[in-house]
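Spelled out from the first residue to the last, the chains are:
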Amino acid sequence: MSAGTYTPRPGGAPLPRMIAAQAALETRMLLRNGEQLLLTVVIPALLLVLFSTVDVVDTGAGEPVDFLTPGVLALAVMSTAFTGQAIATGFERRYGVLKRLGASPLPRWGLMTAKTLSVLVTEVLQVVLLTVIAFALGWSPRGNPFTVVLLLLLGTVAFSGLGLLMAGTLKAEATLAAANLVFLLLLVGGGVIMPLDRFPDAARSVLGLLPISALSGGLRDVLLDGAAMPWGDAAVLAVWAVLGLGAAARFFRWE
């Protein structure tokens, strides 16, 4: 008895197509989530408009929007790659979604790749929106755009690793509380809105090692001062990326 001919041929789709389909699904789910949109799009945009038009924080010489835009771009990366991804992945793990996806033809590393691609797509939309708003407010950026892109990618990898580490080790409710708390603390103490030189010297030396401080400071050096690649800030982000991804790969629990 000869084997039958099936059209289409049964079996999993090619791996790149599976990753692309999962990334598209992850992106649609993110953009349909009102709470996530508030965190990743609305809050950074409101902060940029508010503090650029109202004299609340002393941002030093020059236009406030020139100082604030790099920090808000860093905040947008953190809100998507860390806070949003940690919360979404934590609840997917709680409800068994990750366990079921892990048993699908899409390998687990392919699922994480799809989530990373979804984060990057969302960040592109964020950066475009915030850039348009900043230009409307009179922003005058300097520096090499390729350097900016590299810093944003380093920040994305660093925050993604930390977000996956939190989502894969804590309960969903604890992840929700911890991720939002970290977001608020780093918003205040990460050099996003308030310059780090407003803090005491001892606190400033510690805060400067945080990934949000390195990303906002590096972007500010390039976009505000026209500097070349800020290697110190890039090194801090690279260290956080290696530590975060390494710890996430080691301790992430799928159930």
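What counts, and at which threshold
- Residues numbered from 1 in each chain as written.
- Predicted model: local features only at pLDDT ≥ 70, side-chain atom pairs only at ≥ 80, totals over all residues.
- Heavy atoms only, no water.
- Helix = DSSP H or I, 4+ residues; strand = E, 2+ residues; numbered from the N terminus.
- Expected span 1.5 Å × (residues − 1).
- Buried < 20%, exposed > 50% of the residue type's maximum accessible area, 1.4 Å probe, protein only.
- Core = buried A, V, L, I, M, F, W, Y, C linked by side-chain atoms within 4.5 Å.
- Contact = heavy atoms within 4.5 Å.
- Patch = residues over 30% accessible without salt bridge, like charges linked within 9 Å, V, L, I, M, F, W, Y side chains within 5 Å.
- Areas by Shrake-Rupley, 256 points an atom, 1.4 Å probe, with all protein chains shown as cover.
- Salt bridge = Lys/Arg side-chain N within 4 Å of Asp/Glu carboxyl O.

Comments concerning helix H5 (residues 108–136)
Phase 1 of the analysis: A rise of 1.5 Å per residue sets the reference length of H5, with its 29 residues, at 42 Å; its end C-alpha atoms lie 42 Å apart and thus fit the reference within 8%.
Phase 2 of the analysis: Buried residues of H5: Gly110, Leu111, Met112, Ala114, Lys115, Ser118, Val119, Thr122, Glu123, Gln126, Leu130 and Ala134, and no others.
Phase 3 of the analysis: Positive phi shows up at Gly138, right after H5, with a value of about 100 degrees.

Brief notes about the nonpolar core
Phase 1 of the analysis: In terms of nonpolar packing, the biggest core is built from 46 residues, with Met78, Leu151, Phe159, Ile193, Leu215 and Leu219 touching the most fellow members.
Phase 2 of the analysis: The greatest single-element share of this core, amounting to 14 residues, is contributed by helix H3 (residues 64–94).
Phase 3 of the analysis: Leu215 has contacts with Ala74, Val77, Leu151, Leu152, Gly155, Phe159 and Leu237, leaving out every residue within four places of it along the chain.
Phase 4 of the analysis: Of all hydrophobic cores here, the second largest spans 12 residues; its members include Met18, Leu106, Leu111 and Ala114.

Thoughts on a nonpolar patch on the surface
Phase 1 of the analysis: A surface patch of nonpolar side chains, amounting to about 240 Å² of accessible area, comprises Leu31, Val121 and Leu125.
Phase 2 of the analysis: With respect to the secondary-structure elements, Val121 resides in helix H5.
Phase 3 of the analysis: Using a relative accessible area of 40% as the deciding quantity, one classes Val121 as partly exposed.

Describing the pattern of salt bridges
Phase 1 of the analysis: Considering all chains together, one arrives at five salt bridges under this definition.
Phase 2 of the analysis: The residue Lys115 makes a salt bridge to Glu92 at a minimum N-O spacing of 2.6 Å. Taken as a pair, Lys115 in helix H5 and Glu92 in helix H3 lie far apart in primary sequence, 23 residues in all. Each of the two residues, Lys115 as well as Glu92, counts as buried.
Phase 3 of the analysis: We note a salt bridge from Asp201 to Arg204, for which the minimum N-O separation is 2.8 Å.

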